[in-house]
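Spelled out, the chains give:
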Amino acid sequence: MRRGVGCFRLDVLLLTVFIFAGCGGAEEESNPPLFHLDGDSQLPADGDDSEEDFSPADGDETDAPFPDGDKPADGDDVPDGDAVEEGDLAEDGDALSDGDLSSDGDLPVDGDFPEDGDETLDGDDDLPPVNCGFDYDFRYDAAQTGPPLLRANRPTPPIGGTDVIAHAEPAPPGYFSLPGLGRSRADLVIPDYSDTMPLFERAEEWEGATRCYETPGDSEWLGEAQAYDLYARLVAKTLWYEIDATPGQRTVVGLRGAYPGTFEWHGNLPDRFNDTLVLLWREAGGAKRVLEFPVNTDTGAVDFGYHSSSSLYPNRRYAYADGWHRGYNALAVQEWNYIVRDDANGNGHWDSDRNGWLEPFDEEDHYREGSAHNIHMGSVDYPLGAAVVDSWSAGCQVIPGISNWIQFITNAWTQEGDPVDYYLLDTRDIPADAWTPCAGEDGAHACPIAIRSFPFTHRGDTSASHENWYHSYNCAEQNENGPEVVYVLNIRRTGTLHVEVSVEDEVNVDPDIHLLEGDDMDACRARAHTVLDEEVWPGRYLIIVDTWVDGSGNVLKGPYTLNVNFE
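In this text the structure is predicted, and so the values were computed from the model without any measurement.

Caption draft 1: Examining unusual backbone geometry more closely. Along the chain, Glu-359 connects to Pro-360 via a cis peptide bond; the corresponding omega equals -5°. As for its placement among the helices and strands, Pro-360 is situated in the loop between strand 14 (338-342) and strand 15 (366-371). The omega angle of the peptide bond from Tyr-382 to Pro-383 is 5°, so this bond is cis rather than trans. Structurally, the position occupied by Pro-383 is in the loop between strand 16 (375-378) and strand 17 (397-400). Positive phi, normally seen in glycine, also occurs at Asn-337, with a value near 70°. Its location among the elements puts Asn-337 in the loop between strand 13 (335-336) and strand 14.

Written out as structure tokens, the structure is:
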């Protein structure tokens, strides 16, 4: 449905109706839903969460004053047609420096999901579908081409300096004021963009309905409260954070590389709105609320200039707040100097062995420090599959279409300066026990041993392991075709990770250390024989103790002691 300028400038009462009902009915029918859900299965209300203790690494959460670089003067509505002059978020110096972002307290983590009794299965017709029948119009061929992988020969360039990303999208032609809709907050400033992108179906209010979710191995029909619990558990299992369930507090969860309602990595084709952004909160009475949007969590495929575009590093929490972007209300990042993945060649893609290498190949992407990754809108036309990110994002998290943006910001916003947690997950790194709980941490890839505090010591034995997934890694050429033991840890602040492995029988036992950014042999950050010292930043990491195989084919497996410290 078209959200034109004339449609926005209605009387306040009509404007409120427009936001939730659309502007005009005839044109709406020409834009079909982006996907359809088959079936009318219903689920009863969800049960209570159970609890399981996690002890993340120590670190104090920091607060920061709200940066006001993009705020219109005095908070007044901006007259239509008068664009507000843009200011850079990072230049005010009010944003946080990247530090400890740990969360205290126990995490509510379910067992099997959904809990027994949650599904109503009355015969074959009510069984969950094999898939949800999503009719996404942007299911691209995710096969990526590039030069032959030169395993162990791609050095990581040094981390560069701090540079904010560009806010290079077209400036709004004007602004208008959206009433507070009965909430205890001031009116919202909305950019007066016009586009034909309809409201995404999963961004609509639930109104007691259920939604289909394509979870690994099966599909589930979930009510809104159950969907809230699902996303909360993904954060808890992946990052060891308990989301803030205080009534009124907003939380945003991003899923890079997965369409809304799905949790399978789709290849993450560059320059498309093919990721998921989920808004979570609880009402004053305790009701759990969920809205889901398409989004991009990477950069557009544009050369924005040196150190002007980058993607947020995934699998960590970022501090945001109700703020401003290019003169309108948006979610503004509240940190500074966090690690990003610079898109040095401007192809809208993080080039690495794990993600594949895309043209051009003349300059490697690299890590650096950066900031200004806001959550804002992009004015692009329907259909979603044809919409490109382009200059709408140099790394900001961008929601496509004015209809989707109004639905997001009117539900996300509470009042200026209010904090919002943003958890960005790489879909590939959601652990297996988020779906099938482990009986115990046995060092398998599905049930790794968790390192929750430092210093950490563990006596293991590769000869007792039945895991032998990886025979070599992209960070080294050694033959590791022996059994391995897997450890997982979440880092809350930048520092140095010290890992040491020792054995009593150095002739017949030879385990090696591998530090990975994901459970993938092509995601190796560093490798060492006995001692590894590596600078790390906030994120989720794996340590794999893998068995070396000598030139004669002898698998040197056996007992070892692993020591890990962080400072």
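So that's the structure; there's more coming.
Caption draft 2: Structural context of the sheet that holds strand 27 (residues 559-566). Judged by pairing direction, the sheet is antiparallel, and its four strands sit side by side in the order 20-27-22-25 without closing on themselves. In this open sheet, the two edge strands, each paired with only one partner strand, are strand 20 (456-461) and strand 25 (531-536). The mean angle between the axes of side-by-side strands here comes to 20°, regardless of whether they run parallel or antiparallel. One ladder, built from six bridges, connects strand 22 (residues 495-502) with strand 27; its direction is antiparallel. Pairing of Val-499 across the sheet is with Val-564, part of strand 27.

Caption draft 3: A look at the sheet that holds strand 26 (residues 539-547). Strand order in the open sheet formed by five strands is 19-21-26-23-24, and the pairing between neighbours is mixed. Here the strands that pair on one side only, and so sit at the sheet edges, are strand 19 (449-450) and strand 24 (524-528). Examined bridge by bridge, strand 23 (residues 511-516) and strand 24 share four bridges and lie antiparallel to one another. Of the residues in strand 24, the one forming a bridge with Ile-513 is Ala-528.

Caption draft 4: Representation of the pattern of salt bridges in the model. In total, this model carries 20 salt bridges according to the counting rule given. Between Asp-429 and Arg-354 there is a salt bridge whose closest N-O contact spans 2.8 Å. Remark: Arg-354 occurs in the loop between strand 14 and strand 15 and Asp-429 occurs in the loop between strand 18 (419-426) and strand 19; sequence separation between them is 75 residues. The two residues Asp-429 and Arg-354 agree in class, both being buried. One salt bridge connects Asp-426 with Arg-428, and the closest N-O pair in it is separated by 2.9 Å. A single salt-bridge network, built from bridges that share partners, covers Glu-205, Glu-224, Glu-283 and Arg-289.

Caption draft 5: Here's a closer look at the nonpolar core. Grouped together as the largest cluster of nonpolar side chains are 89 residues, with contacts concentrated most on Phe-408, Tyr-487 and Ile-543. It is helix 4 (residues 402-412) that contributes the most residues to this core, six residues altogether. In this structure, Trp-206, Tyr-241, Leu-425 and Ile-430 belong to the second largest nonpolar core, which totals 24 residues.

Caption draft 6: Representation of helix 4. Extensive coverage of helix 4 is indicated by the burial of eleven of its eleven residues. All of the buried residues along helix 4 are Ile-402, Ser-403, Asn-404, Trp-405, Ile-406, Gln-407, Phe-408, Ile-409, Thr-410, Asn-411 and Ala-412.

Caption draft 7: Structural context of the state of the cysteines. A complete count under the given rule lists three disulfides for this structure. Cys-132 shares a disulfide with Cys-212; S-S distance 2.0 Å. The sign of the S-S torsion, about -75°, decides the handedness of the disulfide formed by Cys-132 and Cys-212: left-handed. Of this pair, Cys-132 sits in the loop between strand 1 (96-97) and strand 2 (160-164) while Cys-212 is found in strand 5 (residues 211-215), placing the two residues 80 residues apart along the sequence. Like Cys-132, the residue Cys-212 is buried in the burial classification. Paired through a disulfide, Cys-475 and Cys-524 show a sulfur-sulfur distance of 1.9 Å. Note on the Cys-475 and Cys-524 pair: the S-S dihedral is about 55°, so by sign convention the disulfide is right-handed. With a gap of 49 residues between them, Cys-475 in the loop between strand 20 and strand 21 (484-491) and Cys-524 in strand 24 connect regions that are remote in the sequence. Residue Cys-475 is classed as partly exposed on the basis of its relative accessible area, which comes to 26%.

Caption draft 8: How the structure looks around the packing of aromatic side chains. Scanning the entire structure with this criterion turns up 19 aromatic pairs. Ring centres of Tyr-318 and Tyr-338 lie 5.6 Å apart, and the angle between their planes is 80°; this geometry places the pair in the edge-to-face category. Of this pair, Tyr-318 sits in strand 11 (residues 316-325) while Tyr-338 sits in strand 14; the two residues are 20 residues apart in sequence, bridging distant segments of the chain. Classification of Tyr-318 by relative accessible area gives buried; the value is 0%. When the centroid spacing of 6.1 Å and the interplanar angle of 75° are considered together, the rings of Phe-456 and Tyr-487 count as edge-to-face. Of this pair, Phe-456 sits in strand 20 while Tyr-487 sits in strand 21, and the two are 31 residues apart along the sequence. Judged by its relative accessible area of 0%, Tyr-487 falls in the buried class. Ring pairing ties together the aromatic residues Tyr-213, Tyr-231, Phe-263 and Trp-435, which thus form one cluster. Sitting above the plane of the Tyr-213 ring, Arg-202 keeps its charged end 4.5 Å from the centroid. Stacked on the ring of Trp-265, the Lys or Arg Arg-428 has its end atom at 3.7 Å from the ring centre.

Cut-off values and rules
- Residues numbered from 1 in each chain as written.
- Predicted model: local features only at pLDDT ≥ 70, side-chain atom pairs only at ≥ 80, totals over all residues.
- Heavy atoms only, no water.
- Helix = DSSP H or I, 4+ residues; strand = E, 2+ residues; numbered from the N terminus.
- Pairing = 2+ DSSP bridges.
- Axes fitted to C-alpha atoms, helices over the stretch in contact; angles between N-to-C directions.
- Salt bridge = Lys/Arg side-chain N within 4 Å of Asp/Glu carboxyl O.
- Buried < 20%, exposed > 50% of the residue type's maximum accessible area, 1.4 Å probe, protein only.
- Core = buried A, V, L, I, M, F, W, Y, C linked by side-chain atoms within 4.5 Å.
- Disulfide = S-S within 2.5 Å.
- Phe/Tyr/Trp six-rings, centres within 6.5 Å; stacked < 30°, edge-to-face > 60°.
- Lys NZ or Arg CZ within 6 Å of the ring centre and 35° of its normal.

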